[in-house]
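Fold and contact review
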Amino acid sequence: MSKKKEARKIVFESEKEMPAVPMSLGSMLYNKTGAWRNIKPVIDLSKCIKCGICWKFCPDASIDIVDDWPQINYVYCKGCGLCAEECPQKCIAMVEEEK
Amino acid sequence: MSKERKMTLTIPREEFMSPGHLACQGCGASLAMRLALKGLGQRTIVCIPACCWAVIDGPFPHSSLDIPIYHCAFETAASSASGVRAGLDMVGDTETTVLAWAGDGGTFDIGLQALSGAAERNDDIIYTCYDNEAYMNTGIQRSSATPVGAWTTTTPVKHYKKERKKDIIGIMAAHGIPYIATASVAYPEDMVKKFKKAREVRGTRFIHVFAPCPAGWKSRPEDTVKLARLAVQTGYFPLFEIEDGEKWTLNLKIKERKPIAEYLKLQGRFRHLKEEEIALIQQEVDTRWAKILKSCGL
Ligand SMILES: Cc1ncc(C[n+]2csc(CCOP(=O)(O)OP(=O)(O)O)c2C)c(N)n1
Ligand code: SF4
Ligand code: SF4
Ligand code: SF4
Ligand SMILES: [Mg+2]
């Protein structure tokens, strides 16, 4: 995903601002789906073997690889628990979200 | 764990699907798209008919995919893709891959005619059906891909689905198209490999992707990959390829298949099934598995 795209919701003030044909002008990054979450994954990196399995299976592309470590992107993670379920080290805990 | 060790990456790192999309938690269909595009890459145009994915992508003028999308009518995934292909050919672009991405309702049911037409003409498109085994976008109605025994809102518990799942692979194989494959979100390496391979083949290519749906299957969102894996390990959804309608290859040999009950019991849509009914389903899985092994020359 190109990082250049803005995480901004596009709103047309009038029909003049709309493109002549329906086309996408911006990404869904404005939609911060982390708000959907009830439980959140927390990785215990001391047990992590960097197998990449959590990253591979995240349906929301919400696990980043930062300096060769998995890092949950809480802005978007929906808290499905798939990463925790699939982690072979069982080092991802799903904990109650504090709101 | 040593700090120096690199993260193991078994599939391409580049993402063409962004977070912020509208799929439910643990949606197999969204994982399917993420993986498929890792195999196909940037030079891809996708045609999406009415289905969950038409919503998942996001409302105009936003999109969660980094490739052009053509939203088309429910029954027209294949014919739209054929049209986009013809347009690209006219401007001399033979490099861009045209992908039709439809649900099981859009493939097994209403889009079958357009798909058959494209396959008969051997149009140069990749047609992918992400199969969540019902019309999920409109509220879990049965399709001809819904398996025997399943609850849906149109096959309520008292009248659960009695008809067999349509053999879409058999239908596509009969068209003699150059490439057919089954793929599963539980096997990302195999899936990405198949999309990469399909990209290099010319003519109509058909990929049937198994995509669990927690909302429609009444399963836990964290079980999506487990269910997709069990579907393969029980022999319910074997991973194989068919080249030129004839050469069958089983991609994952399974020595000891797990009982189908293990797969069924994790899903609320099968909760009403009694032991005898599960035994019948097991028989059907066994019969189909034997047939596929035979086709693969095993
Ligand atoms: C001609 C037509 N009939 C009905 C609909 C309503 N409709 C939209 S999506 C859908 C179901 C799609 O099911 P499927 O193809 O399996 O995709 P899923 O939603 O399960 O991902 C239906 C019936 C429509 N959009 N157009
Ligand atoms: S909980 Fe689900 S959405 Fe969140 S990081 Fe894990 S797999 Fe991704
Ligand atoms: S699945 Fe677990 S062990 Fe593997 S990289 Fe993710 S957190 Fe680390
Ligand atoms: S209904 Fe099912 S297929 Fe549709 S977005 Fe939700 S989980 Fe995915
Ligand atoms: Mg469906």
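These notes cover the structure that comes with them.

Observations concerning the site of ligand 4
All names here are of chain B. In the vicinity of ligand 4, the contacting residues are Ala 23, Cys 24, Cys 27, Cys 52, Ile 56, Asn 132, Met 136, Cys 213, Pro 214 and Ala 215. When residues of the shell around ligand 4 are traced back to their parent elements, those giving at least two are helix H2 (52-56) and helix H8 (214-217). A breakdown of the residues in the shell around ligand 4 according to their chemical character gives 9 nonpolar, 1 polar and no charged.

A look at helix H1 (residues 28-40) of chain B
Residues and elements named next belong to chain B. With 13 residues, H1 should cover 18 Å at 1.5 Å per step; its first-to-last C-alpha distance of 18 Å lies within 8% of that length. Burial runs high along H1: 13 of the 13 residues are buried. Where H1 terminates, the next one or two residues include Gly 41, which has phi positive at roughly 80°.

What about the site of ligand 2?
Looking at ligand 2, the residues that line it are A:Pro41, A:Cys58, A:Pro59, A:Ile63, A:Ile72, A:Cys77, A:Lys78, A:Gly79, A:Cys80, A:Gly81, A:Leu82 and A:Cys83. Within the shell around ligand 2, the residues separate by chemical class into 9 nonpolar, 2 polar and 1 charged.

Points about the packing of aromatic side chains
Under the defined criterion, the tally for this structure stands at 9 aromatic pairs over all chains. Judged by centre distance (5.8 Å) and plane angle (35°), the rings of A:Phe12 and B:Phe60 are tilted. Here A:Phe12, found in the segment before strand S1 (26-27), pairs with B:Phe60, found in the loop between H2 and strand S2 (62-63), and the two come from separate chains. Overall, the relative accessible area of 22% leaves A:Phe12 in the partly exposed class. Aromatic side chains B:Trp101 and B:Tyr130 sit 5.8 Å apart centroid to centroid with 20° between the ring planes, which places their arrangement in the stacked category. Pair noted here: B:Trp101 is in strand S4 (residues 97-103) and B:Tyr130 is in strand S5 (residues 126-131), with a separation of 29 residues, a long-range link. Residue classification places B:Tyr130 among the buried residues on the basis of a relative accessible area of 1%. Against the face of A:Trp69 rests A:Lys50, its NZ or CZ located 4.1 Å from the ring centre. A cation over a ring is seen here: B:Arg269 above B:Trp217, with NZ or CZ 3.9 Å from the ring centre.

Comments concerning the packing of H1(B) against helix H7 (residues 188-200) of chain B
All names here are of chain B. H7 packs onto H1 with a crossing angle of 45° between their chain directions and a minimal axis gap of 7 Å. Regarding the angle of H1 to H7, the classification is oblique. As H1 runs across H7, the sense of the crossing is right-handed. The segment H1 lies against H7, with Ala 32, Leu 35, Ala 36, Lys 38, Gly 39 and Leu 40 engaging Pro 188, Met 191, Val 192, Phe 195, Lys 196 and Arg 199. Tallied by class, the residues present in the contact of H1 with H7 amount to 8 nonpolar, 1 polar and 3 charged.

Examining the side chain of B:Asp104
Residue and element names in this part refer to chain B. Looking at where Asp 104 falls in the secondary structure, it is placed in helix H4 (residues 104-109). It turns out Asp 104 is buried and unbridged, and the closest side chain with the opposite charge, Lys 165, is 6.6 Å from it. Within the local environment of Asp 104, its side chain forms a polar contact with the backbone nitrogen of Ala 134, the two atoms lying 2.9 Å apart. When residues no more than four places from it in sequence are discounted, the contact partners of Asp 104 are Asp 109, Cys 129, Tyr 130, Asp 131, Asn 132, Glu 133, Ala 134, Ser 143 and Ala 145.

Focus on the interface of chain A and chain B
On the chain B side, the residues contacting the 46 residues of chain A number 52 residues. Of the roughly 4000 Å² buried at the junction of chain A and chain B (both faces included), carbon and sulfur atoms supply 59%. Taken together, chain A and chain B are joined by 5 salt bridges. Here A:Asp68 ties to B:Lys6 by a salt bridge, and the two come within 3.3 Å at their closest N and O atoms. The interface formed by chain A and chain B contains 25 residue pairs in polar contact (both at pLDDT 80 or more). Of all the secondary structure elements, the ones that give two or more residues to the side of chain A that touches chain B are S1, helix H1 (53-57), strand S4 (69-72) and helix H2 (82-86) of chain A. For the side of chain A that touches chain B, the residue count by class is 26 nonpolar, 10 polar and 10 charged. Looking at chain direction, S1(A) and S2(B) are connected through 2 bridges and run parallel. Bridge assignment links A:Gly26 to a residue of S2(B), and that residue is B:His62.

Overview of H7(B)
Residue pairs spaced three or four apart in an α-helix point in one direction, given the helix's 3.6 residues per turn. The first and last C-alpha atoms of H7(B) sit 19 Å apart over 13 residues, in line with the 18 Å expected at 1.5 Å per residue. Every buried residue of H7(B) is listed here: B:Pro188, B:Asp190, B:Met191, B:Val192, B:Lys194, B:Phe195 and B:Ala198.

Calculation rules
- Here the residue index of a chain counts from 1 through its sequence in written order.
- All chains are assigned letters beginning with A, and all ligands numbers beginning with 1, in the order in which they are written.
- Given that the model is predicted, a residue must reach a pLDDT of at least 70 before its local features are reported, and side-chain atom pairs must reach 80 or more before they are shown or counted; all residues, however, enter totals for whole chains, interfaces and linings.
- For the side-chain quantities, the full set of heavy atoms in the structure was used; hydrogens and water were omitted.
- Consider each residue's heavy atoms; a residue with any of them within 4 Å of a molecule or strand counts as near.
- Strands are runs of DSSP state E lasting at least 2 residues, helices are runs of H or I lasting at least 4, and numbering of each runs from the N terminus.
- In this count, Pro and Cys sit with the nonpolar residues alongside Ala, Val, Leu, Ile, Met, Phe, Trp and Tyr, while Asp, Glu, Lys and Arg are called charged and the others, Gly among them, polar.
- Working rule for helices: expected span equals 1.5 Å times residues minus one.
- Only protein chains enter the calculation, and the probe is 1.4 Å; a residue is then buried if its accessible area is under 20% of its type maximum, exposed if over 50%, and partly exposed in between.
- In this analysis, rings of Phe, Tyr and Trp, with Trp reduced to its six-membered ring, are considered paired at centre separations within 6.5 Å, and the interplanar angle assigns stacked below 30 degrees, edge-to-face beyond 60, and tilted for intermediate values.
- We call a charge positioned above a ring when the Lys NZ or Arg CZ atom is no farther than 6 Å from the ring centre and deviates by at most 35 degrees from the ring normal.
- The convention used is that axes are lines fitted to C-alpha atoms, helices contributing only their stretch in contact, and that angles between N-to-C directions extend from 0 to 180 degrees.
- Here the angle decides the label: under 35 degrees means roughly parallel, over 145 means roughly antiparallel, 65 to 115 means roughly perpendicular, and every other value means oblique.
- Working rule for handedness: look at the near helix, and if it is turned counterclockwise from the far one by less than a right angle, call the crossing left-handed; if clockwise, right-handed.
- We call two residues in contact when some of their heavy atoms are within 4.5 Å.
- Charge counting follows a simple rule: Lys and Arg are positive, Asp and Glu are negative, and His as well as the terminal groups are ignored.
- We define a salt bridge as a side-chain nitrogen of Lys or Arg found within 4 Å of a carboxyl oxygen belonging to Asp or Glu.
- Polar contact is the term for a pair of N or O atoms within 3.5 Å; when the atoms are in protein, one must be able to donate a hydrogen and the other to accept it, and sequence-neighboring residues count only if both atoms are side-chain atoms.
- Note: buried area is the sum, over both parts, of the accessible area (probe 1.4 Å) each one loses when the two are combined.
- Any two strands with at least two DSSP bridges between them are considered paired.

By themselves these figures say nothing about function.
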